[in-house]
Amino acid sequence: MSDDPTFGFDTLQIHAGARPDPATGARQTPIYQSTAYVFRDADHAAALFNLQEVGYIYSRLTNPTVAVLQERIATLEGGVGAVCCSSGHAAQIMALFPLMGPGKNVVASTRLYGGTVTQFSQTIKRFGWSATFVDFDDLEAVKAAINDDTRAVFCESIANPGGYITDLDAISAISDAAGIPLIVDNTSATPYLCRPFDHGATLVVHSTTKYLTGNGTVTGGCVVDSGKFDWTASGKFPSMSEPEPAYHGLKFHETFGPLAFTFHSIAIGLRDLGMTMNPQGAHYTLMGIETLSLRMQRHVENAIKVASWLENDPRVDYVTYAGLPSSPYYDRVASICPKGAGGLFTFALKGGYDSCVKFVDAVELFSHVANLGDTRSLIIHSASTTHRQLTPEQQAAAGAAPNVVRVSIGIEDADDLIADLDQALAKATS
């Protein structure tokens, strides 16, 4: 079938990018476990390597199974193209790689996954890049943080760990005025709950490990391009606008138009960084996406029920779920995430750090793991694990203070989840 955007989400999540295998008629996308692909002749090989023809060369660059996944995610997000890679962290570097250079910076939200804060505050310094972290609820501070060397603005649609919802419309207006791209990590929301391109984003990144796959089996990442950014307007993005020496002076934006970023990420990013997604991992994610809408509906239903119960429990200090009327982000749900606030949030125990540690040790149905977005309900104490490398001030800004526990609500029976939390709270606060 064609990837007609007039098809409904439930149809596209099953069919987009996929066609019966022409060799065998196989209806499910095969796992093309092949390193390389035979060229028709020498001219065909030369055309592929010179970017004059689209096709398969070597699986570090392109693979038929991965290509189906890329097309499916791009279609669901409303983008023109996508590039899958080995992890969500890889996707973040892939997104920044064509934009940045020594001395350039990215303005990033303080409310990010702890690993992203570490990657942006420490690791990217080795490339000569830097990050300025700002509270994205303070729009004037975001504007003030952008300078002549800023090359991107970065945030999460639903922030991990607290489930805070970013005002994407306001942030994209700021990035547009500055002439720089807005990159949105849409991992926690997925395109079922939020489509950042509809709110002005330029690029979307995913850890496909999480909700898109949904079964905790493989790691993966994806960068999706809106195709709407003018890479030549400001002269700030020479990788896209200037001649590329490795391809005989080809100019990506001039040659590929809306697909410039996607082609650059494959021809340069995957070629040289090698952050490749393996075809079996892509296969697992494709199967997961087929039930994405069904799972996200249940994640949201369960999260509302569990969060409401926790908010009324005297042993709990507060709950951060944006789907609760008490949340300061509640009014954003209708405009940014109209189908629900997701399944991720935190809550604080009145007993502080010690109670949190006892609590995560006492759960039985919840799994104590460093992951989210699984069909199973998951729990972690962020301050001692995923956000451990951060300073106390950074932990508090990210919503991962020492008295806070993060939960990723699964699709089990909500009453069973509440019963498990109840017995664990009793042990943690006795």
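For the structure itself, look to the data block above.
Residues numbered from 1 in each chain as written. Predicted model: local features only at pLDDT ≥ 70, side-chain atom pairs only at ≥ 80, totals over all residues. Heavy atoms only, no water.

Chemist: So what's going on with the pairing of strand E7 (residues 221-225)? Which residues, and what values?
Modeler: Counting buried positions along E7 gives five out of five residues, so the element sits mostly inside the fold. Here E7 shows no split at all, with Gly221, Val223 and Asp225 on one side and Cys222 and Val224 on the other all buried. Pairing between strand E6 (residues 203-207) and E7: five bridges, direction antiparallel. Following the sheet pairing, Ser207 is matched in E7 by Gly221. (Buried < 20%, exposed > 50% of the residue type's maximum accessible area, 1.4 Å probe, protein only. Helix = DSSP H or I, 4+ residues; strand = E, 2+ residues; numbered from the N terminus. Pairing = 2+ DSSP bridges.)

Chemist: Describe in detail unusual backbone geometry, supporting the description with residues and values.
Modeler: Geometrically, the link from Asn160 to Pro161 is a cis peptide bond, its omega value of 20° lying close to zero. Within the secondary structure, Pro161 sits in the loop between strand E4 (150-156) and helix H7 (168-178). The backbone of Leu51 sits at a positive phi, close to 60°, despite the residue not being glycine. If you trace the backbone, Leu51 turns up in the loop between helix H2 (42-49) and helix H3 (64-77). The phi dihedral of His248 is positive, around 55°, even though this residue is not glycine.

Chemist: Can you tell me about the pattern of salt bridges, naming the residues and giving the values?
Modeler: As enumerated under the stated definition, the model contains 14 salt bridges in all. A salt bridge links Lys305 to Asp415, with the shortest nitrogen-to-oxygen separation between them at 3.0 Å. Of this pair, Lys305 sits in helix H13 (residues 292-311) while Asp415 sits in helix H17 (residues 414-429); the two residues are 110 residues apart in sequence, bridging distant segments of the chain. A relative accessible area of 44% places Asp415 in the partly exposed class. Residues Asp313 and Arg315 are paired through a salt bridge, measuring 2.7 Å at the closest nitrogen-oxygen approach. A relative accessible area of 8% means that Asp313 is categorised as buried. Given a relative accessible area of 22%, Arg315 falls into the partly exposed group. (Salt bridge = Lys/Arg side-chain N within 4 Å of Asp/Glu carboxyl O.)

Chemist: I'd like a description of H3, backed by residues and values.
Modeler: In a regular helix each residue adds 1.5 Å, so 14 residues correspond to 20 Å; H3 covers 20 Å between its end C-alpha atoms and thus fits that length. Within the span of H3, buried status applies to Pro64, Thr65, Val66, Val68, Leu69, Gln70, Arg72, Ile73, Ala74, Thr75, Leu76 and Glu77. Positioned one or two residues after H3, Gly78 has a phi angle of 80°, which is positive. (Expected span 1.5 Å × (residues − 1).)

Chemist: Go over the packing of H3 against helix H12 (residues 279-289) with me, naming the residues and quoting the values.
Modeler: Two elements in contact, H3 and H12, have axes whose closest approach is 8 Å; the angle formed by their N-to-C orientations is 35°. Helix-helix and strand crossings are classified by hand; for H3 and H12 the assignment is left-handed. Where H3 approaches H12, its residues Thr65, Val66, Val68, Leu69, Arg72, Ile73 and Leu76 are matched on the opposing element by Pro279, Ala282, His283, Thr285, Leu286 and Ile289. Residue composition of the contact of H3 with H12, grouped by class: nine nonpolar, three polar and one charged. (Axes fitted to C-alpha atoms, helices over the stretch in contact; angles between N-to-C directions. Left-handed = near helix turned anticlockwise from the far one by under 90°. Contact = heavy atoms within 4.5 Å. Nonpolar A, V, L, I, M, F, W, Y, C, P; charged D, E, K, R; others polar.)

Chemist: Mind laying out the environment of Gln297, listing which residues take part and the relevant values?
Modeler: Within the secondary structure, Gln297 is located in helix H13. Its relative accessible area of 32% is what places Gln297 among the partly exposed residues. Taking C-alpha positions, Gln297 is 7.9 Å from Lys339, a pair spaced 42 residues apart along the chain.

Chemist: Quick one: what's the story with the pairing of strand E2 (residues 105-109), residue by residue and with numbers?
Modeler: Within E2, five of the five residues are buried, which leaves it mostly tucked inside the rest of the structure. Judged by which residues are buried, E2 turns out to be covered on both faces: Asn105, Val107 and Ser109 on one side and Val106 and Ala108 on the other are all buried. In the sheet, E2 pairs with strand E3 (residues 130-134) via five bridges, with the strands oriented parallel. Note on E3: the bridge partner recorded for Val106 is Ala131. Crossover E2 to E3 through helix H5 (residues 114-121) is right-handed. (Right-handed = clockwise from strand over helix to strand, strands pointing away.)

Chemist: Requested: an account of the sheet that holds strand E11 (residues 378-380), with residues and values cited.
Modeler: Taking strand neighbours across the sheet as the criterion, the five strands line up as E8-E9-E12-E11-E10 in an open arrangement whose pairing is mixed. Looking along the sheet, the strands with just one partner apiece sit at the ends: strand E8 (316-319) and strand E10 (367-368). Two strands pair when backbone bridges link them, and E11 and strand E12 (residues 404-408) are joined in this way by three bridges, in the antiparallel orientation. Bridge pairing in E12 places Ile380 opposite Arg406. The sheet strands contacting helix H15 (residues 352-362) are strand E9 (344-349), E10, E11 and E12, and the helix crosses E9 at an angle near 125°.

Chemist: How would you summarise helix H4 (residues 88-96) if you had to cite specific residues and measurements?
Modeler: For H4, the tally of buried residues reaches eight of nine residues, placing the bulk of the element in the interior. When H4 is considered as a whole, its buried residues turn out to be Gly88, Ala90, Ala91, Gln92, Ile93, Met94, Ala95 and Leu96. Among the residues of H4, the N-terminal cap falls to Ser87, whose side-chain oxygen and the backbone nitrogen of His89 are separated by 3.4 Å. (Polar contact = N/O pair within 3.5 Å; in protein donor to acceptor, adjacent residues only side chain to side chain.)

That's the geometry; what it means functionally is another story.
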